[in-house]
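Summary of structural features
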Amino acid sequence: MASCSGVEFWFVTAELTGAELTGTELTGAELTEAKLTEGKLTGAELTEAQLTGAELTEAELTEAKLTEAVTETELTEAELTETELTGAELTGAQLTDAELTEAELTEAELAGAELTGAELTGAELTGAELTGAELTGAELTGAELTGAELTGAELTEAELTGAELRGADRSSSHMFPRVRIK
């Protein structure tokens, strides 16, 4: 892992399309509006990174750590399998068709996030804020949604087979009639 511990990184509006940053230590990095399309960030440490407005379409973030990161950003078709996003600020983030299998999203802020067609099989969403989130056609098989806030969330055609919804607030969520729960 490349380590830049103790060094402040400011990549505001940087052009990093396709950049190879696998395993890089970028804790607290300032990446506002950076272009990381198709970037390779597998296993990167991005805890508390500022990614507001960053472009991460089709980026590879498998097993990356974005704990408490601010990522109000474009993550369409991003690879986030087993990524650590505990407490991440993802309000309004674009995650259409993103791969979030077994991602850790405990207490993540996803209000108004666009998750249409996202793959969230086995994802941990305990206590996540999903108010007004768009989850049409999302795959949530085996996902843990205990205590999640789903008020006003759109779950039409979402797959919730084996998902745990105990204590989740589903008032005013658009789950029926086309949500699949088995």
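Bear in mind that the values here come from a model prediction, so they are computed numbers and not experimental data.

Thresholds, definitions, all that
Residues numbered from 1 in each chain as written. Predicted model: local features only at pLDDT ≥ 70, side-chain atom pairs only at ≥ 80, totals over all residues. Heavy atoms only, no water. Helix = DSSP H or I, 4+ residues; strand = E, 2+ residues; numbered from the N terminus. Buried < 20%, exposed > 50% of the residue type's maximum accessible area, 1.4 Å probe, protein only. Contact = heavy atoms within 4.5 Å. Areas by Shrake-Rupley, 256 points an atom, 1.4 Å probe, with all protein chains shown as cover. Patch = residues over 30% accessible without salt bridge, like charges linked within 9 Å, V, L, I, M, F, W, Y side chains within 5 Å. Salt bridge = Lys/Arg side-chain N within 4 Å of Asp/Glu carboxyl O. Lys, Arg positive; Asp, Glu negative; His and termini not counted. Charge placed at Lys NZ, Arg CZ, Asp CG, Glu CD. pLDDT = per-residue confidence, 0-100.

**Remarks on the overall build of the chain**
- A tally of helices and strands in the chain yields zero helices and zero strands.
- Here the chain holds 182 residues, and 47% of them are scored as buried.
- Taking all contacts inside the chain whose residues are at least 6 apart in sequence as the whole, residues at least 24 apart take part in 1%.
- As presented, the chain carries roughly 7700 Å² of accessible surface, and 48% of it is formed by carbon and sulfur atoms.

**Here we look at a negative patch on the surface**
- On the surface, a cluster of negative charge is made up of E38, E58, E77 and D97.
- When its relative accessible area of 45% is taken as the criterion, D97 is described as partly exposed.

**Concerning the environment of A98**
- The exposure class of A98 is buried, given its relative accessible area of 1%.
- Sequence separation of A98 and E58 is 40 residues, and the distance between their C-alpha atoms is 8.2 Å.
- A98 has contacts with L75, E77, A78, L80, A118 and E119, leaving out every residue within four places of it along the chain.

**Considering unusual backbone geometry**
- The phi dihedral of T13 is positive, around 60 degrees, even though this residue is not glycine.
- At E63, a position not held by glycine, the phi torsion is positive, near 60 degrees.
- Of the residues examined, E63 reaches a relative accessible area of 44% and is grouped as partly exposed.

**Focus on the confidence of the model for the chain**
- Taken over all residues, the pLDDT of the chain has a mean of 89, while the share at 70 or more is 88%.
- Note that pLDDT drops below 50 for residues 1-7; the model gives that stretch 11 contacts with residues more than four away or on any other chain.
- Below pLDDT 50 for its whole length, residues 176-182 participates in 17 contacts with residues either more than four positions away or in separate chains.

**Let's talk about the environment of A44**
- For A44, a relative accessible area of 0% puts it in the buried group.
- Contact partners of A44, with chain neighbours within four places excluded, come to L21, G23, T24, A64 and K65.

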